[in-house]
Amino acid sequence: MTAVAASTMEEQLAALTLDEKLLLLEGLESWRTHPVPRLGIRSLYLTDGPHGVRKVRSAAGGFGIVDNEHSTAFPTSATLASTWNPQLAERMGAAIGAESRALGVDVLLAPGVNIKRSPLCGRNFEYFSEDPLVSGVFGSAVVRGVQSQGVGTSVKHFAANSNEDYRFVGDSVVDERALREIYLRAFERVVKETRPETVMCAYNQVNGTFASENRELLTGILREEWGFDGVVMTDWGATHDRVAGVAAGCDLDMPGSVPHNRAMLREAVRSGALPLDVLDTSVTRMLELVARHPEREALTYDAEVHAKLARDIAVEGAVLLANDGTLPLGAASGSLLVVGEFFERMRFQGAGSSLINPPSIVSPRDAFDARGVEYRYEPGFRSMREERDAALESAALDAARSADTVLFFAGLSDLEESEGFDRTHLGLHDSQTALLEALLDQGARVVLVLFAGAPVELPSTDRLAAVLQMYLPGMRGGDAVAALLLGEANPSGRLAESWPLRVEDTSAYADYDRGEIARYAESIYVGYRFYDAAGTRLAFPFGHGLSYTAFEYRDAALDVDGDRVVVRVTVANTGARDGAEVVQLYVRNAPSAVFKAEKELRAFAKVRVPAGGEAVARLEFALGDLAYWDVERHDWVLEDGDYEVLVAASAADVRVRMPLAVTGHERSRSPYPPEVDRDYATPPAGIPDSFPALLGRPVPEDPRHGRLHLELRLGDARGTFLGRIVSRAIIGAVEKPYREALALPDSLERDIRVKNAYFLWRMMPTASMRSLAMSSGGAFSYSTAEGFALLAAGHPIRAIRAFRRYRRKGEGA
Ligand code: BGC
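It should be emphasised that the depicted structure is a prediction, and the values quoted were computed from it without experimental measurement.

1. Describing the overall build of the protein chain
And then number 1: What the protein chain contains, in helices and strands, is 25 helices and 28 strands.
And then number 2: Taking 2.2 N^0.38 as the reference for a compact globule, 813 residues should give roughly 28 Å; the C-alpha atoms of the protein chain span a radius of gyration of 27 Å, in line with that estimate.
And then number 3: The dimensions of the protein chain, computed from C-alpha atoms along their principal axes, are 80 × 70 × 55 Å.
And then number 4: Counting across all 813 residues of the protein chain, residues that qualify as buried make up 64%.

2. Let's talk about the sheet that holds strand β9 (residues 209-210)
And then number 1: As summarised here, the arrangement of the 4 strands in space is β9-β8-β6-β18, forming an open sheet in which the pairing is mixed. Each edge of the sheet is formed by a strand with only one pairing partner; in this case those strands are β9 and β18 (517-519).
And then number 2: Both strand β6 (residues 171-173) and β18 contribute to a ladder of 3 bridges, which runs parallel. Bridge pairing in β18 links D171 to I517.

3. Looking at the side chain of K755
And then number 1: Its location among the elements puts K755 in helix α22 (residues 748-763).
And then number 2: In contact with K755, not counting residues within four places along its chain, are Q349, G350, A351, L355, M384 and D414.

4. Remarks on unusual backbone geometry
And then number 1: Each neighbour pair has its own omega, and for A110 with P111 the value is 0°, a cis peptide bond.
And then number 2: For P111, the position within the fold is in the loop between β4 (107-109) and α5 (132-147).
And then number 3: L327 connects to P328 through a cis peptide bond whose omega is 0°.
And then number 4: Inspection of the secondary structure assignment puts P328 in the loop between β11 (319-323) and β12 (336-339).

5. Observations regarding the pairing of strand β23 (residues 599-609)
And then number 1: Within β23, 10 of the 11 residues are buried, which leaves it mostly tucked inside the rest of the structure.
And then number 2: The sheet contact formed by strand β22 (residues 579-588) and β23 spans 10 bridges and is antiparallel. Of the residues in β23, the one forming a bridge with L585 is A603.

6. Observations concerning the site of the ligand
And then number 1: Neighbouring residues of the ligand: 14 residues in total, closest D48, R123, H157, Y203 and D235.
And then number 2: A distance of 3.4 Å separates an oxygen atom of the ligand from a polar side-chain atom of R54.
And then number 3: The contact in question runs from an oxygen atom of the ligand to an N or O atom on the side chain of Y203, over 2.8 Å.
And then number 4: For the ligand, the protein covers 93% of the area, taking 310 Å² as the surface of the free molecule.
And then number 5: Its residues assigned to classes, the shell around the ligand comprises 5 nonpolar, 2 polar and 7 charged.

7. Some details on the layout of surface pockets
And then number 1: In this structure, the largest pocket occupies an estimated 590 Å³ of space.
And then number 2: Contributing to the lining of the largest pocket are 27 residues, with F348, I361, L748, I752 and K755 lying nearest its centre.
And then number 3: The element best represented in the lining of the largest pocket is α22, accounting for 5 residues.
And then number 4: A breakdown of the residues in the lining of the largest pocket according to their chemical character gives 11 nonpolar, 7 polar and 9 charged.

8. With respect to the sheet that holds strand β13 (residues 376-378)
In a beta sheet, neighbouring strands are held together by backbone hydrogen bonds and run either parallel or antiparallel to one another.
And then number 1: Here 6 strands make up an open sheet; going across it, the order is β11-β16-β15-β14-β12-β13 and the pairing mixed. Because the sheet does not close on itself, it has two edges, and the strands there are β11 and β13. Going across the sheet, the axis of each strand differs from the next one's by a mean of 15°, ignoring polarity.
And then number 2: In the packing of helix α16 (residues 477-485) onto the sheet, the strands contacted are β14 (405-411), β15 (446-451) and β16 (466-469), and the crossing angle to β15 comes to about 150°.

9. Brief notes about the environment of R678
And then number 1: When you line up the elements, R678 lands in helix α18 (residues 674-679).
And then number 2: Residue R678 is classed as exposed on the basis of its relative accessible area, which comes to 57%.
And then number 3: R678 sits 83 residues away from F595 along the chain, and the two C-alpha atoms are 8.9 Å apart.
And then number 4: A polar contact of 3.1 Å, which involves the side chain of R678, links it to the side chain of D679.

10. Considerations on the nonpolar core
In summary, soluble globular proteins display a tendency toward joint burial of nonpolar side chains.
And then number 1: Formed by 151 residues in total, the largest nonpolar core has its most connected members in F158 and M769.
And then number 2: For this core, the element with the most residues is α5, which contributes 8 residues.
And then number 3: With sequence-adjacent residues up to four places away left out, M769 is seen in contact with L708, H709, L710, L712, L714, V726, F780, A785, F788 and A789.

11. Focus on the side chain of K21
And then number 1: Looking at the element boundaries, K21 is found in helix α2 (residues 18-24).
And then number 2: K21 sits in the buried class, given a relative accessible area of 7%.
And then number 3: Setting aside chain neighbours within four positions, we find K21 in contact with L13, L16, L276, L279, D280 and V283.

12. Notes on the pairing of strand β20 (residues 551-561)
And then number 1: As defined by bridge partners, β20 adjoins strand β21 (residues 564-573) across 9 bridges and the pair is classed as antiparallel. Its bridge partner lying in β21, D561 is registered against R564.
And then number 2: Linking β20 to β21, which pair antiparallel, is a turn of 2 residues; within it G562 sits at a positive phi near 65°.

13. Focus: the packing of α5 against helix α7 (residues 185-194)
And then number 1: Axis separation between α5 and α7 bottoms out at 8 Å; the angle between their running directions is 35°. α5 and α7 meet at a crossing whose hand is right-handed. Two secondary-structure elements touch here, α5 through P132, L133, S135, G136, V137, G139, S140, V143, R144 and Q147 and α7 through R185, A186, R189, V190, E193 and T194.
And then number 2: Here the contact of α5 with α7 is built from residues that sort into 6 nonpolar, 6 polar and 4 charged.

14. Some remarks on the pattern of salt bridges
And then number 1: Scanning the model with the defined rule gives 74 salt bridges in all.
And then number 2: Note that R117 and E522 form a salt bridge whose closest N and O atoms lie 2.5 Å from each other. One end of the pair, R117, is in the loop between β4 and α5; the other, E522, is in the loop between β18 and α17 (528-534), and 405 residues separate them in sequence. Each member of the pair, R117 together with E522, is buried.
And then number 3: For the salt bridge of R285 with D251, the shortest nitrogen-to-oxygen distance reads 2.6 Å. One end of the pair, R285, is in helix α11 (residues 276-292); the other, D251, is in the loop between α9 (242-248) and α10 (259-271), and 34 residues separate them in sequence.

15. Structural notes on the domain arrangement of the protein chain
And then number 1: Assigned domains of the protein chain: these are domain 1 (41-250), domain 2 (307-540), domain 3 (551-671) and domain 4 (714-805).
And then number 2: The centre of domain 3, based on its C-alpha atoms, is set 51 Å off from the matching centre of domain 4.

16. Brief notes about empty space enclosed by the protein
And then number 1: Per the stated rule, a full pass over the model turns up 5 cavities of 30 Å³ or more.
And then number 2: Considered as a void within the structure, the second largest cavity measures approximately 80 Å³ in volume.
And then number 3: Each residue belonging to the lining of the second largest cavity can be placed in one class, and the counts come to 3 nonpolar, 4 polar and 4 charged.
And then number 4: In this structure, the lining of the second largest cavity is formed jointly by two domains, domain 1 (41-250) and domain 2 (307-540), each of which donates at least three residues.

17. With respect to the packing of aromatic side chains
And then number 1: For the structure on display, the rule yields 30 aromatic pairs.
And then number 2: Relative to Y375, the ring of F343 lies with its centre 5.3 Å away and its plane at 80°, an arrangement referred to as edge-to-face. Of this pair, F343 sits in the loop between β12 and α13 (364-371) while Y375 sits in the loop between α13 and β13, placing them 32 residues apart in sequence.
And then number 3: The exposure class assigned to Y375 is partly exposed, which follows from its relative accessible area of 21%.
And then number 4: For the ring pair W629 and W636, a centre distance of 5.2 Å and an interplane angle of 80° mean the geometry is edge-to-face.
And then number 5: Pairwise contacts between aromatic rings join F342, F343, F368, Y375, Y377, F381, F408, F409 and F451 into one cluster.
And then number 6: Looking at R117, its charged tip hangs above the ring of Y520, at a distance of 3.9 Å from the centre.
And then number 7: Just above the ring of F595 sits the side chain of R177; from NZ or CZ to the centre is 4.5 Å.

Rules behind the numbers
- Residues numbered from 1 in each chain as written.
- Predicted model: local features only at pLDDT ≥ 70, side-chain atom pairs only at ≥ 80, totals over all residues.
- Heavy atoms only, no water.
- Helix = DSSP H or I, 4+ residues; strand = E, 2+ residues; numbered from the N terminus.
- Rg over C-alpha atoms; globule rule 2.2 N^0.38 Å.
- Buried < 20%, exposed > 50% of the residue type's maximum accessible area, 1.4 Å probe, protein only.
- Pairing = 2+ DSSP bridges.
- Contact = heavy atoms within 4.5 Å.
- Near = heavy atom within 4 Å.
- Polar contact = N/O pair within 3.5 Å; in protein donor to acceptor, adjacent residues only side chain to side chain.
- Areas by Shrake-Rupley, 256 points an atom, 1.4 Å probe, with all protein chains shown as cover.
- Nonpolar A, V, L, I, M, F, W, Y, C, P; charged D, E, K, R; others polar.
- 1 Å grid on protein atoms, 1.4 Å probe; cavity = no way out; pocket = protein on both sides within 12 Å on 5 of 7 lines; lining within 4 Å.
- Points joined across faces, edges and corners; volume = space filled by probe spheres on them.
- Axes fitted to C-alpha atoms, helices over the stretch in contact; angles between N-to-C directions.
- Core = buried A, V, L, I, M, F, W, Y, C linked by side-chain atoms within 4.5 Å.
- Left-handed = near helix turned anticlockwise from the far one by under 90°.
- Salt bridge = Lys/Arg side-chain N within 4 Å of Asp/Glu carboxyl O.
- Domains from an automatic or database assignment.
- Phe/Tyr/Trp six-rings, centres within 6.5 Å; stacked < 30°, edge-to-face > 60°.
- Lys NZ or Arg CZ within 6 Å of the ring centre and 35° of its normal.

Okay, here's the thing in C-alpha cells:
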C-alpha cells in the first residue's frame, strides 16, 4: 500500500524520535492524527460516517458531535441494505467520498458491518443486516465507493459488538464457529475484496480480551489470515492497556491525547518489554496511511445530485410490509386524513456519532404540499413525547369519522433508538399505539407509515390496510414516501432482517443485555437461521417485501462450472406496473452430522422488469461458500452431500428447488461432543447446559463489583459509596443540559437539543471511568480516574499522589 518510495518511508522512520513515534500512534483533538512538520508528515482528518460526512465545526472536546458542517444526510445503513442493490451503495459511498474530499476529510469512519444479533440493539440503524452475506456485500460496496474518491475507510466495529448497553466493558462470549461463520464473515469479505485502508476495533471484549488488545483478532485473523495491510485504530476511547494493544497489532489510539498511554508505551519500549520493531511496525503503517493522503485541493460537488441520490435510495430501501390493495393511493382512496407528527417532523436519521447536519430536509408534509395533495392533518401525538395528549387524540379521532383513508405516520423517536443504549422492548410509544388502536376500533381504514431503524411490535397488523416501513430514509425521505404512497414509484425494498412478533421470540433473547457477560448461546442460529429451524411465527420474514405488481419465476436452470455454481431464472412481471424484484438464492444444507442452519443466503440479485415483461436474474456463488467452520481443524470444511438450491422471494417464500450434489470433498463428521450435537440439533430455547462444551471452556461468571474501579459502568458504580459520588458528578454534568432542553417550549429547536443532550445523558451510565478517561480529551483525566479507583481500593496516599499528578500537569501522565 506504499504511495511514497519505500526509501522515503524508511528515512522517515529512521529520523523520527521515540516521542514523535509515540505521538504518531495517537490522535490529536478528537478527529486528527499528529503531524510531524519537520519531516513533512501531515495530520490526517478522520471523521464519521456512515450515512454522510459528519465534520464538527469546532473540533474541541471528545464528545464534539453536535455542531456539524452541512453534508448530505443519506438514508442510514438499515435503509441502504433494504434496497438489496449494492450498486446504489457504491454510488452512495462515492458521493460521501466526494463530500469528504470537499470537507478535507482523509478517512471516513465507516461502514459498520456488525451483525444485528437482536433487534433491540440501539445502533442497528447503522448496521446492514442479520446476515453476513448482505452485511459483507454492502460493506464492500460502500468501501469501494468511498475509496474510489481517494478517501480512506474504517470498517467497524471489529468485532462482535452487538449491544450498546455494555459496549464499554462487556465480554462477547462467542463460540469459534459462530464467530467465524456469523460475526467475522462480513469483515472478512470486506477486507479481502476491497482492502479498506483502516479497521476500527470495537470497545467490547471478545472471549475475555478487549478487542483493542486482542492479538488473535487484530493480527492472527485480520492480518495473517486475511492479509489486511492497513492501520487498525481503536474506537473512540477503547484503549485499556495500550502496550498490550500495540503488541496485539492495534496501531492508532483514538481520540488519543492520553499522556498515561503515551508514558506506558515509552516505558515499555525503554525497558524492552515492547520490542522497538513492534512499535516501528505500527509507525510504518501510520506513515503509509499518511503517504496515501497528500495535501489535496478541496473538491466541490453538486449537492442537488447527492440529495437526489439520497432520495432514490430512500425509495428503493422502503419496504412495503403489507397491503390489502389500498396502496397506491388513488381515486378510490377518497378523502385523506394524515395523523402523526412524523408527517411534519420526519425522523430521517438516528442519534449519536453518525448525526448529520443536512442543508435541508424534505418532510412528507413538504412533499405532499409540493404535489398539491389534498389532505387534512391532525398530529394526534407528539413524536418526541411518550405521554398521550387527550386533546390531540380526540381531534384526530373526530377527523377520522369523516375521512375515507387515514395515513398514520408513526415510528421510534431518538429517545428510544440511538447509539449508546439499547431498547428494552420492541413497542412503539403508548401515545401512538393507543391512538392507532382507537382509530381501528372506530372502523378507520388505516395505512401505517413507519420511521424506525429497526423492527417494532406492530399492533393489529391484520387490521391495517397497509404498512410501509421507511426505516430512516435520509434528508429527502419525505419525497420518497410521497412517491411511494401515490404510486409514482413502485416499492422494491426487502427486509434485510427478520421481523419478530414479540421480543420473547428473538434469537438472542436467552441472553441479551442481561449483564457484562453476553453469552451468545444461540451460536450460529442468528436471525432467520434461528427462526427457520425453530419454526418461529414471525410478523414478516427475512427478505420479505411487497410490490404494486406481481412476479413469477420461470425456467430456472443451474450450472456447476468447477467451483462456481450459476443459477439463472426468468422473472416475469405479471402485473400492470413496472417493478423490481429481489431474487434470493438460499442453499439448504445437506443432512449432516454437524448442526447447521436449515438454509443460508448465498446470493441475491435485483432485477427490473417492465409491466408484462421478463428479465433474467443471474445468481452465482462458490461451492466453497457452503463450507462450515470446523472447530477441531480450525478451518473451513466443505461436506459432501445432497444440498438443495432454493430460489426464493423471501426466506419464507421459496419458488424453485433444485438439487445440488457435492462430491469429492469431505465426509460428514461432527467435531463436537455428543451433548453439543444433541442440544444444538435445533436452535436452543435458552442457554443449553452444553454451551461450555460448545465454547470449549467454562463460561465466565458475571463479575461482582464490590467497589469502584476503572472498568465499572458508572450506572453500576452507583451501588458503591465512592461510585455514587463519581457517577453523580459526571452524570449530573450531562443531565443539566438535558433538563434545560426539556424545559424549552415545543419547537424543532427543542427537539434537536433534547435529542443531543439525551444521547449523552442516557449513554453516560454505560461508560466506565476508563472509557471516559480515554475519550474525554482531558476533561476527566486518567489520573483522576486512577485516583478514585485507588481511593476505593483503600490506598488513600497513592490516590492523593494520583490526584496531585493531575493538578500539577493538568492531565496526569
Ligand atoms: C463510535 C464510533 C465512532 C466514534 C467517533 C464511537 O463512540 O462507536 O462508531 O466512529 O465514536 O465518533
